[in-house]
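Report on the structure
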Amino acid sequence: MSAAKIGPLSAMSSLIAAHINATAEHERLFRLQDWHLVAQTIETAALDPLDDVLVALCAARPTTPREQWLRQKYLASLKIADKINGCRGLTESVLEALIGPEPAGPIPDASEEVAPCAS
């Protein structure tokens with residue numbers, strides 16, 4: 001059986017792969033720490049890259065329907081509320097990434113809106 005060749009990963013696929021890898025590394029260090037084979041500070045430090053990639057996934061704005069589907073499906077599978085529960089800084093970062101930065105300046109005039117395309 002031959003392995004299928006996979007081309008370069010899309011930006012979204014790369015972020016998902018990075019999150020999966022960071023999750024695996026944290027799990028590995030957690031298990032090692034549980035057996036006192038690494039210091040707890042090392043295991044705790046592994047949370048930073050995990051959190052950073054989660055925020056990057058939330059901030060990503062897919063440009064294709066496939067990437068949009070991948071992002072939505074992967075984020076839904078993470079149960080984000082459980083991941084950020086009790087961590088105010090991470091909660092604020094995730095929400096800002098999902099919502100985007102607060103708009104600057106006055107509210108745009110309704111006359112500046114673009115009419116939707118007719119079907």
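Read on for an overview of the structure.

Reading the values: rules and limits
- Residues numbered from 1 in each chain as written.
- Predicted model: local features only at pLDDT ≥ 70, side-chain atom pairs only at ≥ 80, totals over all residues.
- Heavy atoms only, no water.
- Helix = DSSP H or I, 4+ residues; strand = E, 2+ residues; numbered from the N terminus.
- Buried < 20%, exposed > 50% of the residue type's maximum accessible area, 1.4 Å probe, protein only.
- Contact = heavy atoms within 4.5 Å.
- Patch = residues over 30% accessible without salt bridge, like charges linked within 9 Å, V, L, I, M, F, W, Y side chains within 5 Å.
- Areas by Shrake-Rupley, 256 points an atom, 1.4 Å probe, with all protein chains shown as cover.
- Salt bridge = Lys/Arg side-chain N within 4 Å of Asp/Glu carboxyl O.
- Axes fitted to C-alpha atoms, helices over the stretch in contact; angles between N-to-C directions.
- Parallel < 35°, antiparallel > 145°, perpendicular 65-115°, else oblique.
- Left-handed = near helix turned anticlockwise from the far one by under 90°.
- Nonpolar A, V, L, I, M, F, W, Y, C, P; charged D, E, K, R; others polar.

Let us now look at the environment of Leu50. Structurally, the position occupied by Leu50 is in helix α3 (residues 47-59). Judged by relative accessible area, Leu50 falls into the buried class, the value being 14%. Spatially, the C-alpha atoms of Leu50 and Ala22 are 5.2 Å apart, while their sequence positions differ by 28 residues. Not counting chain neighbours up to four residues away, the residues in contact with Leu50 comprise His19, Ala22, Thr23 and His26.

So, about a nonpolar patch on the surface. A cluster of nonpolar side chains, namely Leu95, Leu98 and Ile99, defines an oily patch on the protein surface of about 290 Å² accessible area. Of note, Leu98 is situated in helix α6 (residues 88-99).

Right, let's talk about the pattern of salt bridges for a bit. Under the definition given, this model contains three salt bridges. Taking the shortest distance from any N to any O, the salt bridge between Glu25 and Arg28 comes out at 2.9 Å. Here the residue Glu25 and the residue Arg28 both occupy positions in helix α1 (residues 11-34), the gap between them amounting to three residues, near one helical turn. Assessed through its relative accessible area of 33%, Glu25 is described here as partly exposed. Across the salt bridge formed by Arg31 and Glu27, the nearest N and O atoms sit 2.9 Å from each other.

Where α1 meets helix α4 (residues 65-78), the axes come as close as 9 Å, and the angle between the chain directions of the two elements is 20°. Taken as axis vectors, α1 and α4 run roughly parallel relative to one another. Taken as a pair, α1 and α4 cross one another with a handedness that is left-handed. Contact with α1, carried on its side by Ala11, Met12, Ser13, Ile16, His19 and Ile20, involves Arg66, Glu67, Leu70, Arg71, Tyr74 and Leu78 of α4 and no other residues of that element. Here the contact of α1 with α4 is built from residues that sort into seven nonpolar, two polar and three charged.

Structural measurements only, silent on function.
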